[in-house]
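# Coordinate inspection notes
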Amino acid sequence: MRAFGVFSRISAATVTAATTTSKTASLRIASLSRQFSSTPHIMAPISKETDFLVIGGGSGGLGAARMASNKFGAKAMIVESARLGGTCVNVGCVPKKVTFYAAALAEAIHDAKAYGFSVQEAKPFDWTTFKHKRDAYIKRLNGIYERNLANDKVEYVHGWAKLLNKNEVEITTDDGSKSVVRAKKILIAVGGQPTKPANIPGAEYGTDSDGFFDIETLPKKVALVGAGYIAVEFAGMFNALGVETHLFIRHKTFLRAFDPLIQDGVTAEYERLGVHLHKQSAPTKVEKDASTGKITIHYKDADGEGKLEGADHLIWAIGRTPMTKNIGLEEAGVKLNDKGYVVADNFQNTSVDNIYALGDVCGKVELTPVAIAAGRRLAERLYGGAAFQTAHIDYANVPSVVFAHPEVGSIGLTEPQAVAQYGADNLKVYKTSFTAMYYAMMEPEHKGPTKYKVICAGPEEKVVGLHIMGLGSGEMLQGFGVAIKMGATKKDLDSCIPIHPTSAEELVTLR
């Protein structure tokens, strides 16, 4: 991925032109979308017995079922009630990143002027065409996933699965018919769903992170509630595309699970870019004008009570809830914690023999690559023989990225966590803040920040945390993640010859 410019607010009228060709393409894509959505899923007779039954066709479940069948020859079945691919493919990482690229192109047009380009647009950004093309791309991915299951000889059932006991599952298919399948081993990989706000009158007038991808036209004014990566990413994308964007957060900063350098740095940058941050606020009531469709959000903050009027959309991004209801977990004796997550150890074992769980439904590290890796390791352990009896993933030092503006990358401990674990006297923290060369041609008010922090512990200065924000951080972190998983020390970073001129070289030249 190329380095992205800082995402400042731009007029929606200054984004890519739409041509007659794009209109034709949009119509074709819409037609294709309707065809896909109206095509029924034809079901073959369901097997009565299987070795490995996976409930949930998201990334983790797919990874486990395909490896168990393809690599180890287990008879595997996967049951999914919605679209294959789970949250990530359908209403998460993938369509989100496509939208992020659209926002990046909008900002690139803005930044191009500083480099001497004169860009003229015939029409404003065509969100509707973009949205339909994005939908068609996701539908193609759904088809690829289904073909992959067939190629790997995994039986795919479109329906709702409910545990009857530790070896039997009742499946209700789309036509309402029910079947009972007996399985030697069962995997729960049903994921999560957006959390709905409680006790806020009119909350139903808003939508959630799933509904974001259903928005048909580019809004003029939006409000988002939440301080996690979903709210922050959506707010940054809307703002970059010229939408008046309001973000309501409970505290003074957002991304509060991240290092203070990230919290403070990105919060300040969003304010500089023109995102309207409503700090220390909490919505109390939502109203919708029946004639105009406009939304009013009433809220309380440190200054008292206020209201935001005229929003086209309100998006709740206040967390996610595991989809553990109505699938028979309690009846089968599977233990849940007080938040409704399945209790599972690092080997994905639940409280019931032969029933396993992984991914977002367990609430450990809710990231798609974590679920995929956990699924594959579980398949290896269950069906790979003696060589894989201890196979499991390591939940420590998992790299993660937020596609904010600018991007954020993080792995390991935050500074407060490192102090709690090692003691302040046993740490050495290296920090740098600079302006990336990308901004060399731009006026000072258009230059975005770059900030890096490396946290080292002990006399050997082992790297226990690395936190970066700035252009290209998403791609940059992957390589440093490998080094940290291998136990890199500050000396190891110092021994690497820097690549010049790059932002990444600053991480191997810290003093």
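First things first, this report covers the structure right here in the doc. Quick caveat, the model's predicted, so the values are computed rather than measured.

## A word on empty space enclosed by the protein
In this structure the tally under the stated criterion is three cavities of 30 Å³ or more. Considered as a void within the structure, the largest cavity measures approximately 60 Å³ in volume. Surrounding the largest cavity, Ala344, Asp345, Gln348, Gly359, Cys362, Lys364, Val365, Val370, Ala371, Ala374 and Tyr395 form its lining. Residues that form the lining of the largest cavity fall into these classes: seven nonpolar, two polar and two charged.

## Topic: the nonpolar core
Formed by 41 residues in total, the largest nonpolar core has its most connected members in Phe212, Phe238, Leu247, Phe254 and Val266. Mapped onto this core, the elements with two or more residues apiece are helix H4 (93–112), helix H5 (127–151), strand S8 (221–225), helix H7 (229–240) and helix H8 (260–273). Among the elements that take part in this core, H7 stands out by supplying eight residues, more than any other. Those residues within four positions of leucine 247 in sequence are excluded, and the remaining contacts are Leu224, Gly226, Ala231, Ala235, Phe254, Val275, His276, Leu277 and His278. Counting 26 residues, the second largest nonpolar core, distinct from the first, contains Ile171, Val190, Leu329 and Ala344.

## Digging into the pairing of strand S3 (residues 155–163)
Here strand S2 (residues 76–80) runs beside S3; their pairing, made up of four bridges, is parallel. Across the sheet, residue methionine 77 finds its bridge partner in S3, namely glutamate 155. As judged from the five bridges shared by S3 and strand S4 (residues 168–173), these two strands associate in the antiparallel manner. Bridged to tryptophan 160 within S4 is threonine 172. Remark: four residues form the turn of the hairpin made by S3 and S4, two consecutive strands paired antiparallel.

## Details of the side chain of lysine 490
Structurally, lysine 490 is set in helix H13 (residues 490–495). For lysine 490, a relative accessible area of 3% gives the class buried. Within the structure, the side chain of lysine 490 is placed 2.6 Å from the side chain of aspartate 494, a separation counted as a polar contact. Filtering out sequence-adjacent residues up to four positions away, lysine 490 remains in contact with Tyr430, Cys456, Glu461, Val463, Leu510 and Arg511.

## Regarding the side chain of threonine 253
Counting through the fold element by element, threonine 253 comes out in the loop between strand S9 (244–248) and H8. Apart from the residues lying within four places of it in its own chain, the contact partners of threonine 253 are Gln263, Asp264 and Thr267.

## What about the sheet that holds strand S19 (residues 427–434)?
In a beta sheet, neighbouring strands pair by backbone hydrogen bonds and run either parallel or antiparallel. On the basis of which strands lie adjacent, the open sheet formed by five strands has the order S17-S18-S21-S20-S19 and antiparallel pairing. Bordering the open sheet on either side are strand S17 (400–402) and S19, each of which pairs with just one other strand. Direction aside, the axes of adjacent strands within the sheet are offset by 15° on average. Strand direction decides the pairing type here: strand S18 (residues 408–412) and strand S21 (residues 462–469), joined by five bridges, are antiparallel. By the bridge assignment, serine 410 is partnered in S21 with histidine 467. Together, S18, S19, strand S20 (450–457) and S21 form the strand contacts of H8, whose direction differs from that of S21 by roughly 5°.

Parameters at a glance
Along every chain, residues carry numbers that run from 1 in the direction the sequence is written. For this predicted model, a pLDDT threshold of at least 70 governs which residues receive local features, and a threshold of 80 or more governs which side-chain atom pairs are given and counted, while totals over whole chains, interfaces and linings are taken from all residues. Side-chain measures here rest on the full set of heavy atoms in the structure, leaving out hydrogens and waters. Both site types are read off a 1 Å grid over the protein atoms alone. A 1.4 Å probe that fits but cannot get out defines a cavity, while an open set with protein on both sides within 12 Å along at least five of seven lines defines a pocket; lining residues have an atom within 4 Å of a point. Grid points are joined across faces, edges and corners, and a volume is the space filled by probe spheres set on the points. In this count, Pro and Cys sit with the nonpolar residues alongside Ala, Val, Leu, Ile, Met, Phe, Trp and Tyr, while Asp, Glu, Lys and Arg are called charged and the others, Gly among them, polar. For the purposes of this section, nonpolar cores are sets of buried Ala, Val, Leu, Ile, Met, Phe, Trp, Tyr and Cys residues that join through side-chain atoms within 4.5 Å. To sort residues, take the accessible area from a 1.4 Å probe on protein chains only and compare it with the maximum for the residue type: under 20% means buried, over 50% means exposed, and anything in between is partly exposed. Put simply, DSSP marks the helices as runs of H or I at least four residues long and the strands as runs of E at least two long, and each gets a number from the N terminus on. Throughout, a contact is declared for two residues whenever any of their heavy atoms are within 4.5 Å. Should DSSP find at least two bridges between two strands, the strands are regarded as paired. Throughout this description, a polar contact denotes any pair of N or O atoms lying within 3.5 Å of each other; where both atoms belong to protein, one of them has to be capable of donating a hydrogen while the other can accept it, and for residues adjacent in sequence the pair is counted only when both atoms sit in side chains. Angles here are taken between N-to-C directions and fall from 0 to 180 degrees, while the axes themselves are lines fitted to C-alpha atoms, restricted in helices to the stretch in contact.

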